[in-house]
Amino acid sequence: LTGVLDDCLCDIESIDDFNTFKIFPKIQKLQERDYFRYYKVNLKRPCPFWADDGHCSIKDCHVEPCPESKIPVGIKAGSSNKYSKAANNSKELEDCEQANKLGAVNSTLSNQSKEAFIDWARYDDSQDHFCELDDERSPDAQYVDLLLNPERYTGYKGPSAWRVWNSIYEENCFKPRSVYRPLNPLAPSRGGSCLLIVFLSWTGLCLEKRVFYKLISGLHASINLHLCANYLLEEMWGKPRWGPNVKEFTRRFDPIETKGEGPRRLKNLYFLYLIELRALSKVAPYFERSVVDLYTGNGHEDAESKALLLDIFRDTKSFHMHFDEKSMFAGDKKGAKSLKEEFRLHFKNISRIMDCVGCDKCRLWGKLQTQGLGTALKILFSEKEIQSLPENSPSKGFQLTRQEIVALVNAFGRLSTSIRELQNFKVLLQQTR
């Protein structure tokens, strides 16, 4: 893989160097911090699109939830919108203030009506979301320690996994005109979840739709890279050995094995990295404010976590070949607005498909990475709101929940790891020749 990527002015070599020497070491440290390692997720939400075909019974599919006693007090207390000690109960205060205002307008409103108005306000807020967010107040939502439940190959494959990706590509993804042929998930030599798409032409597909497809393809490539790099190589006496599987990597990405499609998938991974990198550089002002503490209850660690995050933001700003998101949705206002909404709804649907993944560990990381990308898109489409944020008070026009912040950082960390693992596979492939 070399040269300039399509639809941007950035080359692969520059991204490799920037990621290896600037981003990767720092993002790894940040992901180990308490604020970013605990992610609250509901793995019991039913699939909204087809009858549940059962959960994966392989032991490596299991996710071990974190006991309440292990969660830092500042994370488990208060509301999902908190990021500082002062804002810990901000959601409840906002709800009370909202109800009081409504009551002042019309004192005859019933409590039920007031709650309905508050729900409408929350619904309006959700119109900026590109993802279907889990309700953190649900009894089925649990904290998961991401460091103790790493993303890796679990053995989950075949019809169930194939159906998820098939639904994403065929029903929810803008595609170029193509010959589509899904790999047979029941074939003994090809049991997997990859899709083979032979491209004929991008003709007639606008920039926005090309970008959407590349984001999904890049996410798929990144997930496949993680599985290849953290593969169950053998298990002796109950002790598993995980590591890179060159044969699996070749099957998924080699130009001959994939009929030329593998390198395109990997280029889409780099494109996705650029998009999320751009989002991080754009959201920096949100976190640079003194009101944002990344609150866990441990003042010293919170200060160190914020300092490391701001250091990463400085690096993202220093990158000189960012994707220019202003080129998107730049047509006539009515058409641009309609296309943006179509873009948002397509992606939101994909986030809902993640509840159809039968392997809990795959579902966990699929939901997190999808939500991270959705948060990045939300940021890129909210530049004006971010620039006008108040310095010393909670956000009104733009806000991120802790769930979104954790997903954003960890999703980008996964992309950074993918590109780093790709360098490792290059070395391994050279050694096997």
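Residues numbered from 1 in each chain as written. Predicted model: local features only at pLDDT ≥ 70, side-chain atom pairs only at ≥ 80, totals over all residues. Heavy atoms only, no water.

- The name recorded for the protein chain in an unreviewed UniProt entry is ERO1B protein, from Dromas ardeola.
- According to UniProt, the comment filed for the protein chain under the heading Sequence similarities (unreviewed entry) is "Belongs to the EROs family."
- Quoted verbatim from the Subcellular location (unreviewed entry) field of UniProt, the annotation for the protein chain is "Endoplasmic reticulum membrane". (UniProt positions renumbered as here; feature names shortened; annotations may be inferred.)

### Let's talk about the side chain of Lys378
Link 1 in the chain: For Lys378, the location among the structural elements is in helix α12 (residues 360-380).
Link 2 in the chain: Looking at Lys378, its side chain comes within polar contact range of the main-chain oxygen of Gln399, at 2.9 Å. (Helix = DSSP H or I, 4+ residues; strand = E, 2+ residues; numbered from the N terminus. Polar contact = N/O pair within 3.5 Å; in protein donor to acceptor, adjacent residues only side chain to side chain.)

### Some thoughts on unusual backbone geometry
Trans peptide bonds make up the majority, and among non-glycine residues the majority have a negative phi.
Link 1 in the chain: Positive phi, close to 55°, is recorded for Lys259, a residue that is not glycine.
Link 2 in the chain: Of note, Lys259 is situated in the loop between α8 (246-253) and α9 (261-288).
Link 3 in the chain: Phi is positive for Leu294, which is not a glycine, with a value near 50°.
Link 4 in the chain: If you trace the backbone, Leu294 turns up in the loop between α9 and α10 (299-318).
Link 5 in the chain: Exposure remark for Leu294: the relative accessible area of 1% places this residue in the buried category. (Buried < 20%, exposed > 50% of the residue type's maximum accessible area, 1.4 Å probe, protein only.)

### Some points on the packing of helix α1 (residues 12-31) against α10
What describes two packed helices is the angle between their axes and the distance between those same axes.
Link 1 in the chain: Orientation of α1 relative to α10, taken along the N-to-C sense of each, is 160°, at an axis distance of 10 Å. The angle between α1 and α10 places the two elements in the roughly antiparallel class. Crossing hand, α1 versus α10: left-handed. Contact residues: α1 offers Phe18, Lys22, Ile23, Lys26, Ile27, Lys29 and Leu30, while α10 offers Ser305, Leu308, Leu309, Asp311, Ile312, Asp315, Thr316 and Ser318.
Link 2 in the chain: Grouping the constituent residues of the contact of α1 with α10 by class yields 7 nonpolar, 3 polar and 5 charged. (Axes fitted to C-alpha atoms, helices over the stretch in contact; angles between N-to-C directions. Parallel < 35°, antiparallel > 145°, perpendicular 65-115°, else oblique. Left-handed = near helix turned anticlockwise from the far one by under 90°. Contact = heavy atoms within 4.5 Å. Nonpolar A, V, L, I, M, F, W, Y, C, P; charged D, E, K, R; others polar.)

### A look at the UniProt feature "active site" (unreviewed entry) in the protein chain
Link 1 in the chain: The UniProt entry lists Cys359 and Cys362 under the feature "active site" (unreviewed entry), expressed in the numbering used here.
Link 2 in the chain: Residue position: Cys359 is located in the loop between α11 (333-353) and α12.
Link 3 in the chain: Note on Cys359: relative accessible area 0%, which makes it buried.
Link 4 in the chain: Inspection of the secondary structure puts Cys362 in helix α12.

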